[in-house]
Amino acid sequence: MAETKKALTDRIWDFFCSLKLAIIVVLLLALTSIIGTIILQNGSPADYVREYGQANYELFKKLQFTDMYHSTWFIGILALFGLNLTCCSIEKFPRVWKFVKEPILVAGSGIFKGSANRAEFSCKDSKQQVAEKLSTLLEKEFAKTTLTEKDGKFYIFAQKGIYSRFGAYLTHLSILIIMAGAVIGNIWGYKAFVNIVEGSSIDTVRTFNNNESINLDFTVRCDDFDVSYYPGGNRPKDYNSDLVILENGQEIIHKRIEVNDPLTYKGIKFYQSSYGPAGNAFFKVRVTENATGEVAELKAHQGKHVQLAGGYSFSVTNFAEDDRNFGPAIQLHVNSPDGKHGAPFVVWQNHPQLDSKRAGIFTFVLLGHDQPFYTGLQVAKDPGVNVVWAGCFLIVFGSLTAFFFSHKRIWICLQDDGKNTTVLLAGNAHRNQPGFSLAFDDLQQKIEATAKNQSPKKEG
Amino acid sequence: MDSGQLFNLTTIAYFAAMVLFFAYIATKNKTVALIATLASLAGFLIQTTALGLRWYESYQILGADGRAPLTNLYESVVFFAWSILLIYLLMDWKYKQRTIGAFVLPIALFSMLWAQMSLHSSIDPLIPALQSNWLTYHVITCFLGYAGFAVAFGVSVMYLLKIGKEEKHQGDKPMGGILGMFPPTKILDDMNYKAIMIGFPLLTLGIITGAAWAYYAWGTYWSWDPKETWSLIVWFLYAAFLHARFTRGWVGRRAAWLSVFGFAATLFCYLGVNLVLSGLHSYGSG
Ligand code: HEM
């Protein structure tokens, strides 16, 4: 009973450690990810019904295809991926650690017979002399050596780049770190937005996901918003907002943010993301009452009546940036005190004298118009982002180590029969065998020449 | 001389190199191979100059708003060709397998032809979101990665063409004919792996720099938009390739097919997402 139980847990463990599973999971992630790039994500029900029909929409909802990257099943595959990675690393790590703790100082005949890179020759010097010469040579040409004597034979061992064995582990660990960072961000962070009209302040923002209101424990004010365009068109070149952070009425930070340059305060970042008109444009008009010569400067919103002296009022009904090539103009009418509409007329900003020719009760001059804007900010708090960056840094480092370096080892065995010394030589690299073979051949020539007291050049 | 003319010269050089590589396979004449390699190198140097010149021209046209020539579809396709040549020339220097050129240069040549014949080449000012140094790092790393996969693809096609015949081929005599000119399948297999090994870390960097850019521009390093998702799909595919190779011994035919698939996914990530799916990326508007 106890035995079968153990076998079962073993089997489960083996399942999660399996590399076959890793390849399947990775391919499964790749395949299922495609769905979300084809089917609209996070759209409104109406979008789906229009696009795919009611029946398909029901199906998509059931399969969680409408927000698939956050669906239970997709998160499940990601979790399986993480679990697989963790188990696999735990399982394989002791083997790699063994390379560090217990290098094979004394190579068995398996290594000398089975290595792809090996050689055997004999020479006249005693094994002590040869060992000394070869150790010096290897230290100069390859790496630090260890000499061991066993059963009357001398064994020389040298290795290089053992750290590269850890490259794969570092890579896998970084993936787990990145995933952990993402989880932290999802649990303790949020993504929100807020629109601030120029000149006003806010202290709450709304999340994208569920439109939930979040209280900041400070106030953000937008003093000014600007958008500039590239010459000769309406391609925006830059837009930026002057933001002020206030706490207890105190101005803490002033910053002009723009796209790609956010403001950060208390771990919360404010990104310039959009803008738009806030309310109607208003017009600045100078009105002269012709009878009295009295002058007033007034602000008028389009469509709203503005009071004038003596019970009269006026309303701007239309605006043109460029009216018949005369420049900006408004159309307006004056109401008499009993509420009767007067005839509409036009006032051009660039021709301030013209309206006096109309000879009405009031004379109007258009001084200018202004459009207040709101600035659209994305607000993000992500306490996991530095964890993600750390993981990203490590993954680059780890995969470079894993790919471009290899653990190289050289073994030599010296045995003498009183007259001659037999030299056995073997070498191994855990990656990039062809590259190592070339280096090994070169080293082998030098070793042979040194042992035989020849100069390597003559070997030819 | 403006950069457009230099790009024309580049295209001509790549065309000449490709024809010469074909001629080399047909004639087995080593001198032809050398001239073909020199033509590719010349094209590459001319293109490098042209890219620098276009960068300079952007300052003349846009004043202080000048930028590295890596911002629209035209510029990216041209840079793709340049990256392919860079990786190809490095591999050629290391392996000296001249016939590879016949299968890699057509990809670069086709890119250049497409860019010059049907893409919009004017130097336009950038919308605010694209005004970021991260964009430059992102494009360079991604495209060098793609180029590694492109070279791996060319080599894999050669492998798949050769392996069937080689298995049927009897005896110790070396294979004759055109396929006999191809490098030994063992070397092709190794080159496939090496090119992917160059491409994979670069793609990793490309995804990371893209995430950093998104973070500074929009506040989210990952939002599962189609372009991001497809780059992850490509990354997963090549990760599977590497694991299958290292630990399950998937070499040869299966590795070559995975490389072909991987490159198809890469092309889809690069072009398909914009031309077929819609997304947030800038190249869509090119
Ligand atoms: C997609 C994400 C992954 C990436 C980028 C990745 C990356 C790598 C790299 C760079 C290597 C080094 C290859 C070598 O040293 O020979 C490697 C090896 C390996 N990976 Fe992954 N890996 C990923 C996912 C996984 C998963 C999910 C597992 C889970 C089982 C796994 C298990 C292994 C194993 C067992 C090795 C061999 C280690 C060795 O022989 O030293 N990998 N991986």
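Read on for a plain summary of the structure. Everything numeric in this text was worked out from a predicted model, so none of it was measured.

Calculation rules
Residues numbered from 1 in each chain as written. Chains lettered and ligands numbered in written order. Predicted model: local features only at pLDDT ≥ 70, side-chain atom pairs only at ≥ 80, totals over all residues. Heavy atoms only, no water. Contact = heavy atoms within 4.5 Å. Buried area = accessible area lost by both parts, 1.4 Å probe. Salt bridge = Lys/Arg side-chain N within 4 Å of Asp/Glu carboxyl O. Polar contact = N/O pair within 3.5 Å; in protein donor to acceptor, adjacent residues only side chain to side chain. Helix = DSSP H or I, 4+ residues; strand = E, 2+ residues; numbered from the N terminus. Near = heavy atom within 4 Å. Nonpolar A, V, L, I, M, F, W, Y, C, P; charged D, E, K, R; others polar. Patch = residues over 30% accessible without salt bridge, like charges linked within 9 Å, V, L, I, M, F, W, Y side chains within 5 Å. Areas by Shrake-Rupley, 256 points an atom, 1.4 Å probe, with all protein chains shown as cover. Buried < 20%, exposed > 50% of the residue type's maximum accessible area, 1.4 Å probe, protein only. Axes fitted to C-alpha atoms, helices over the stretch in contact; angles between N-to-C directions. Parallel < 35°, antiparallel > 145°, perpendicular 65-115°, else oblique. Left-handed = near helix turned anticlockwise from the far one by under 90°. Donors = N, O, S within 2.8 Å, 3.2 Å for Na, K, Ca; no water. Tetrahedral: all angles 85-135°; square planar, octahedral: opposite > 155°, others 65-115°.

## Thoughts on the interface of chain B and chain A
In this complex, chain B contributes 46 residues to the contact, which on the side of chain A involves 47 residues. Together chain B and chain A conceal approximately 4,000 Å² of surface at their shared face, both sides included; 71% is due to carbon and sulfur atoms. Among the residues of chain B in contact with chain A, Tyr221(B), Trp224(B) and Phe236(B) are the three that bury the most area, contributing 17% of the side total. For the pair chain B and chain A, the number of links is 0 salt bridges. In this structure, the connection of chain B to chain A is made through 2 residue pairs in polar contact (both at pLDDT 80 or more). For the side of chain B that touches chain A, the elements supplying multiple residues, two or more each, are helix 7 (185–218) and helix 8 (226–248) of chain B. No other element matches the 17 residues that helix 7 of chain B contributes to the side of chain B that touches chain A.

## Some points on the site of the ligand
Around the ligand lies a shell of 20 residues, among which Leu19(A), Leu85(A), His172(A), Arg431(A) and His243(B) are the nearest. His243(B) is positioned with one of its side-chain polar atoms (N or O) 2.6 Å from a nitrogen atom of the ligand. Of the residues in the shell around the ligand, the class split is 13 nonpolar, 5 polar and 2 charged.

## Describing a nonpolar patch on the surface
Residue and element names in this part refer to chain A. A contiguous nonpolar surface patch, about 390 Å² in accessible area, is contributed by Tyr 163, Leu 400, Phe 404 and Phe 405. As for its position among the elements, Phe 405 is in the loop between helix 9 (385–404) and strand 19 (408–416). By relative accessible area, which is 42% here, Phe 405 ends up partly exposed.

## Quick word on the packing of helix 3 (residues 73–95) of chain B against helix 4 (residues 101–118) of chain B
Residue and element names in this part refer to chain B. Put simply, helix 3 and helix 4 touch, their axes get as near as 8 Å, and they point 165° apart. Put simply, helix 3 runs roughly antiparallel to helix 4. With respect to the hand of their crossing, helix 3 and helix 4 are arranged in left-handed fashion. Contacts between helix 3 and helix 4 involve Leu 73, Tyr 74, Val 77, Val 78, Phe 80, Ala 81, Ile 84, Leu 85 and Tyr 88 from the first element and Gly 101, Val 104, Leu 105, Ile 107, Ala 108, Ser 111, Met 112, Trp 114, Ala 115 and Gln 116 from the second. Of the residues that constitute the contact of helix 3 with helix 4, the class distribution is 16 nonpolar, 3 polar and no charged.

## What to know about the coordination of the iron atom of the ligand
For the iron atom of the ligand, the full set of protein donor atoms is His172(A) (NE2) and His243(B) (NE2), at a range of 1.8 to 1.9 Å. Geometry at the iron atom of the ligand is octahedral, judged from the 6 donor atoms that bind it and their angles of 87 to 179° at the metal. On the criterion of chain membership, the pair formed by His172(A) in helix 8 (residues 167–188) and His243(B) in helix 8 is interchain, its members lying in two chains. Using a relative accessible area of 19% as the deciding quantity, one classes His172(A) as buried. Its relative accessible area of 29% is what places His243(B) among the partly exposed residues.

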